[in-house]
Amino acid sequence: MTKTSYKLDNLGCGACADKMTRAIGKIEGVQEAKVNFLTSKLRIRAQEEDLDRILEEAQREISKIERDCKIVL
């Protein structure tokens, strides 16, 4: 299990961060997800071999909630 952290650009509000946390947490293979509004960080815990797929799906979920918010890799 790998825990990774990514910066989020253009994260607009705390309520959106909570919605993103819930949506990303439902992605297959994600053991834990947390979007922190104050630091604009996304933390994901998952198997390393699943991370590329998870990040693609996470970006799709994030864009549904905040169109301009992007994961910085």
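To start, this report covers the structure provided alongside it. (Residues numbered from 1 in each chain as written. Predicted model: local features only at pLDDT ≥ 70, side-chain atom pairs only at ≥ 80, totals over all residues. Heavy atoms only, no water.)

Section: the packing of helix α1 (residues 14–25) against helix α2 (residues 51–65)
Any two packed helices are characterised by how steeply their axes cross, that is the angle between the axes, and by the distance between the axes. Here is the rule: An axis is simply a line fitted to the C-alpha atoms; with a helix, the fit covers only the stretch in contact. Between two such axes, the angle follows the N-to-C directions and lies from 0 to 180 degrees. Helix and strand assignments come from DSSP, with helices taken as H or I runs of at least 4 residues and strands as E runs of at least 2, each series counted from the N terminus. Two helices that cross are described as forming a left-handed crossing if the nearer one is turned anticlockwise from the farther one by less than a right angle, and a right-handed crossing if clockwise. Any two residues having at least one pair of non-hydrogen atoms within 4.5 Å are treated as being in contact. Gly is put with the polar residues, along with every residue not named as nonpolar or charged; the nonpolar set is Ala, Val, Leu, Ile, Met, Phe, Trp, Tyr, Cys and Pro, and the charged set is Asp, Glu, Lys and Arg.
At their nearest, the axes of α1 and α2 sit 9 Å apart, and the two run at 145 degrees to each other. Note on packing geometry: the crossing formed by α1 with α2 is right-handed. Along the contact surface, α1 presents Cys16, Lys19, Met20, Ala23 and Ile24, while α2 presents Ala58, Glu61, Ile62 and Ile65. Classifying every residue of the contact of α1 with α2 gives 7 nonpolar, no polar and 2 charged.

Describing α1
To be explicit about the condition: Take the residue count of a helix, subtract one, and multiply by 1.5 Å to get its expected span. We call a residue buried when its accessible area falls under 20% of the maximum for its residue type, exposed when it is over 50%, and partly exposed in between, using a 1.4 Å probe and counting protein chains only.
Here α1 contains 12 residues, and its C-alpha end-to-end distance of 16 Å stays within 8% of the 16 Å for a straight helix at 1.5 Å per residue. Every buried residue of α1 is accounted for by Cys16, Ala17, Met20, Thr21, Ala23 and Ile24.

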